[in-house]
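Residues per chain, in single letters:
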Amino acid sequence: MNKLNSAAIIWLRRDLRLSDNAALYHALRSGLPVQIIFIFDTDILNQLENKNDRRLVFIHRALQTVNDQLKQHGATLHTYYGKPVDVWKNVLKDYNVEKVFANHDYEPYAQQRDNEIKNLLQSHSILFETYKDQVVFEKDEVCKADGLPYTVFTPYKNKYLSQLNAAHLKSYDNEKYFSAFLKQEAKHLIALSEMGFIEDNILFPKNKVDNSILKKYETTRDFPAMDATSRLSVHLRFGTVSIRQLMMQAMENSAVWTNELIWREFYMMILYKFPHVATGAFKPRYNTIPWRNNEQEFEKWCHGNTGYPIVDAGMRELLATGFMHNRVRMIVASFLVKHLLIDWKWGEAWFAKHLLDFELSSNNGGWQWAASSGCDAAPYFRIFNPYEQTKRFDSNLEYIKKWVPEFQELTYPQPIVEHTFARNRCLATYKLALQEK
Ligand SMILES: Cc1cc2nc3c(=O)[nH]c(=O)nc-3n(C[C@H](O)[C@H](O)[C@H](O)COP(=O)(O)OP(=O)(O)OC[C@H]3O[C@@H](n4cnc5c(N)ncnc54)[C@H](O)[C@@H]3O)c2cc1C
């Protein structure tokens with residue numbers, strides 16, 4: 001490798017696109033030739049149990065797209081594999097690095113990783129510049145008048161919207177500066193098989209949503225049999241879309257969909273300001289609920305064999321596709337925690353393993369909402385009745401028939417627990433645990 005390649009390095013992580021990417025914009029305007037790198041991080045990969053983890057397939061395809069675009073400009077993506085701190089020592093050997101650019105990453109692991117890299121770069125007198133990109137508002141940017149974080153969604157959302165102006169949503173016109181990419185021969189993109197993973201021919205949702213879906217979103221979003229939500233969550237997770245462009249589209253087409261994008265940032269803010277939620281209840285007294293944690297029941301829930309068709313349909317959809325409709329996520333989560341009295345952290349971990357769009361903040365927020373232990377959560381006595389939910393949101397059983405075709409046959413299991421009994425057991429358990437505090 002020719003060590004004379006003096007460069008600004010842009011390190012992609014969860015911002016896998018060239019257009020409207022904040023850190024890339026600043027790198028391209030730095031006056032230095034710009035080299036893009038991506039690290040297949042073994043600290044993360046080694047924790048993946050499935051060798052055909054589709055999130056990795058998604059990332060790999062997104063990187064191929066980036067690489068194809070770079071090739072058109074005589075440039076190339078440089079991929080590495082290993083622990084970030086070790087990889088960076090190699091990057092410093094491969095390039096004469098003058099500056100490093102990246103976008104903010106807010107999760108606890110990412111912050112710790114970035115601090116480590118910042119220190120390493122500092123010891124070589126290299127600046128590490130980071131930018132806001134995956135959200136419209138980050139960290140303390142939407143807070144109460146006294147500077148404290150909001151813990152209830154509606155006032156947070158109102159403040160968010162009152163602050164929002166066109167400047168926040170302005171796109172970075174990166175394309176204008178693409179001539180600044182470091183020109184070099186195409187490099188080999190590390191293949192999934194080289195890392196011990198398997199390709200999958202899964203079709204991912206497209207990275208656009210039609211305005212016609214957003215216009216009807218308010219009335220159709222809760223019906224899981226309809227193709228009525230954006231399916232953009234995996235793209236938001238890995239940055240294959242720009243939040244600024246989506247927020248603009250949201251504001252022009254649907255106030256309710258706008259709220260959903262704000263929920264995403266609300267939960268990110270909560271995780272950032274209250275990192276204890278990653279390991280326990282937002283409201284600590286809910287850590288004392290005496291969960292039953294029956295392993296056989298958990299297994300049945302995981303694989304869609306509870307005898308509650310709407311729950312089983314959701315769990316089977318998750319296993320088959322890596323996706324589950326939001327209404328059904330709420331139903332299955334409530335069922336696990338309240339009907340079966342199984343620790344929400346077990347469900348959270350199962351979702352984390354299987355959701356294509358797994359996002360620590362939203363997943364944790366969704367689970368703590370269902371368990372009533374979160375900020376702005378459902379009160380503990382709110383227990384979804386799966387049969388009523390089915391009547392309201394899947395009245396002609398279209399969704400259930402798709403995922404549990406045998407639900408009316410003798411082979412289909414009896415309900416794992418009777419609804420009213422489970423409801424009363426849950427109410428008594430929560431009441432007692434919370435009263436004792
Ligand atoms: C128990 C539980 C776990 C969840 N885990 C995740 C997760 O790991 N990752 C994830 O992205 N979402 C999670 N959600 C939120 C929500 O279910 C998904 O974002 C949504 O179903 C994705 O489908 P969509 O892209 O079609 O969403 P749309 O309805 O089109 O919404 C647009 C976008 O808004 C955001 N959004 C929507 N609803 C929520 C919400 N309630 N909280 C936070 N952001 C939201 C997402 O980024 C979504 O892509 C969870 C919800 C629950 C109840």
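None of the values given here were measured: they were computed from a predicted structure.

Here the focus is the overall build of the protein chain. Helix and strand counts for the protein chain stand at 18 helices and five strands. Across its three principal directions, the C-alpha atoms of the protein chain cover 70 × 50 × 45 Å. The buried share of the protein chain, reckoned over its 437 residues, is 57%. Once local pairs closer than 6 in sequence are excluded, the contacts in the protein chain between residues at least 24 apart make up 80%. With an accessible surface of roughly 19,500 Å², the protein chain has 52% of that area assigned to carbon and sulfur atoms. Positive and negative side-chain charges in the protein chain, numbering 54 and 50 respectively, have mean positions lying 3 Å apart.

This next bit is on the pattern of salt bridges. Think of it this way: side chains of opposite charge can pair up when their charged atoms draw near. Within this structure, the stated rule accounts for 24 salt bridges. The partner of Arg-13 in a salt bridge is Asp-114, and the shortest N-O contact between them spans 2.8 Å. With Arg-13 in the loop between β1 (6-12) and α1 (22-28) and Asp-114 in helix α5 (residues 108-123), this pair connects stretches of sequence that are 101 residues apart. In this structure Asp-114 comes out as buried when scored by relative accessible area, which is 11%. A salt bridge links Arg-244 to Asp-133; its shortest N-O distance comes to 2.8 Å. With a gap of 111 residues between them, Arg-244 in helix α9 (residues 243-253) and Asp-133 in the loop between β5 (127-131) and α6 (153-163) connect regions that are remote in the sequence. Exposure class is identical for Arg-244 and Asp-133. Each is buried. Connected through shared salt-bridge partners, Arg-13, Asp-105, Arg-113 and Asp-114 make up one network.

With 85 residues, the main nonpolar core has Trp-301, Phe-351 and Tyr-430 as its most contacted residues. Looking at which domains feed residues into this core, each of domain 2 (135-172 + 209-273) and domain 3 (277-431) gives three or more.

Here we take up unusual backbone geometry. One non-glycine residue with positive phi stands out, namely Asp-20, at about 45 degrees. Under the relative-accessibility criterion, Asp-20 is labelled buried at 1%. Positive phi outside glycine occurs at Asp-376, with the angle close to 50 degrees. Within the secondary structure, Asp-376 is located in the loop between α15 (360-371) and α16 (386-393). Residue class for Asp-376 comes out partly exposed when judged on its relative accessible area of 30%.

The immediate surroundings of the ligand are formed by 28 residues, with Tyr-217, Thr-229, Ser-230, Arg-231 and Asn-326 found nearest. At 2.9 Å from an oxygen atom of the ligand is found a side-chain nitrogen or oxygen belonging to Trp-257. Protein chains bury 95% of the 810 Å² of accessible surface belonging to the ligand in isolation. Partitioning the shell around the ligand into residue classes produces 15 nonpolar, seven polar and six charged.

What follows deals with the side chain of Asp-105. Along the chain, Asp-105 falls in the loop between β4 (96-103) and α5. A polar atom in the side chain of Asp-105 sits 3.0 Å from the side chain of Arg-113. Excluding its chain neighbours within four sequence positions, the residues that come into contact with Asp-105 are Arg-13, Arg-14, Ala-110, Gln-111, Arg-113, Asp-114 and Gln-134.

Where burial is concerned, most of β1 is hidden: six out of the seven residues are buried. Here β1 pairs with β4 via five bridges, running parallel. Pairing of Ile-9 across the sheet is with Val-100, part of β4. Pairing of β1 with strand β2 (residues 34-41) involves five bridges; the strand directions are parallel. Looking across to β2, one finds that Ile-10 is bridged to Ile-36.

Every other side chain in a regular strand lies on the same face of the sheet, so the side chains alternate between the two faces. The pairing of β4 with β5 spans five bridges and is parallel. The residue bridging Lys-99 from the neighbouring strand is Leu-127, located in β5. Traced from β4 through α5 to β5, the parallel crossover comes out right-handed.

So, on to the packing of helix α4 (residues 84-94) against α5. When two helices pack together, you describe them by how their axes are tilted relative to each other and by the distance separating the axes. Closest axis-to-axis distance for the α4/α5 pair is 10 Å, and the angle between their directions is 35 degrees. Handedness of the crossing formed by α4 with α5: right-handed. Residues Pro-84, Val-85, Trp-88, Lys-89 and Leu-92 of α4 form the contact with α5, whose participating residues are Tyr-109, Arg-113, Glu-116, Ile-117, Leu-120 and Leu-121. In terms of residue class, the contact of α4 with α5 is built from eight nonpolar, no polar and three charged.

So, on to the domain arrangement of the protein chain. What the domain assignment reports for the protein chain is domain 1 (1-133), domain 2 (135-172 + 209-273) and domain 3 (277-431). Using C-alpha coordinates to define each centre, domain 1 is positioned 37 Å away from domain 3. Contact residues are listed per partner, giving eight residues for domain 1 and 11 residues for domain 3. When domain 1 packs against domain 3, the two sides together hide about 730 Å² of surface, and 40% of this comes from carbon and sulfur. Of all residues in domain 1, Arg-54, Arg-55 and Glu-107 bury the most surface against domain 3, accounting for 61% of the area lost on that side. Run the count over domain 1 and domain 3 and you get two salt bridges. Here Glu-49 ties to Lys-353 by a salt bridge, and the two come within 2.8 Å at their closest N and O atoms. Where domain 1 packs against domain 3, one counts six residue pairs in polar contact (both at pLDDT 80 or more).

About the cut-offs
- Residues numbered from 1 in each chain as written.
- Predicted model: local features only at pLDDT ≥ 70, side-chain atom pairs only at ≥ 80, totals over all residues.
- Heavy atoms only, no water.
- Helix = DSSP H or I, 4+ residues; strand = E, 2+ residues; numbered from the N terminus.
- Buried < 20%, exposed > 50% of the residue type's maximum accessible area, 1.4 Å probe, protein only.
- Contact = heavy atoms within 4.5 Å.
- Areas by Shrake-Rupley, 256 points an atom, 1.4 Å probe, with all protein chains shown as cover.
- Lys, Arg positive; Asp, Glu negative; His and termini not counted.
- Charge placed at Lys NZ, Arg CZ, Asp CG, Glu CD.
- Salt bridge = Lys/Arg side-chain N within 4 Å of Asp/Glu carboxyl O.
- Core = buried A, V, L, I, M, F, W, Y, C linked by side-chain atoms within 4.5 Å.
- Domains from an automatic or database assignment.
- Near = heavy atom within 4 Å.
- Polar contact = N/O pair within 3.5 Å; in protein donor to acceptor, adjacent residues only side chain to side chain.
- Nonpolar A, V, L, I, M, F, W, Y, C, P; charged D, E, K, R; others polar.
- Pairing = 2+ DSSP bridges.
- Right-handed = clockwise from strand over helix to strand, strands pointing away.
- Axes fitted to C-alpha atoms, helices over the stretch in contact; angles between N-to-C directions.
- Left-handed = near helix turned anticlockwise from the far one by under 90°.
- Buried area = accessible area lost by both parts, 1.4 Å probe.

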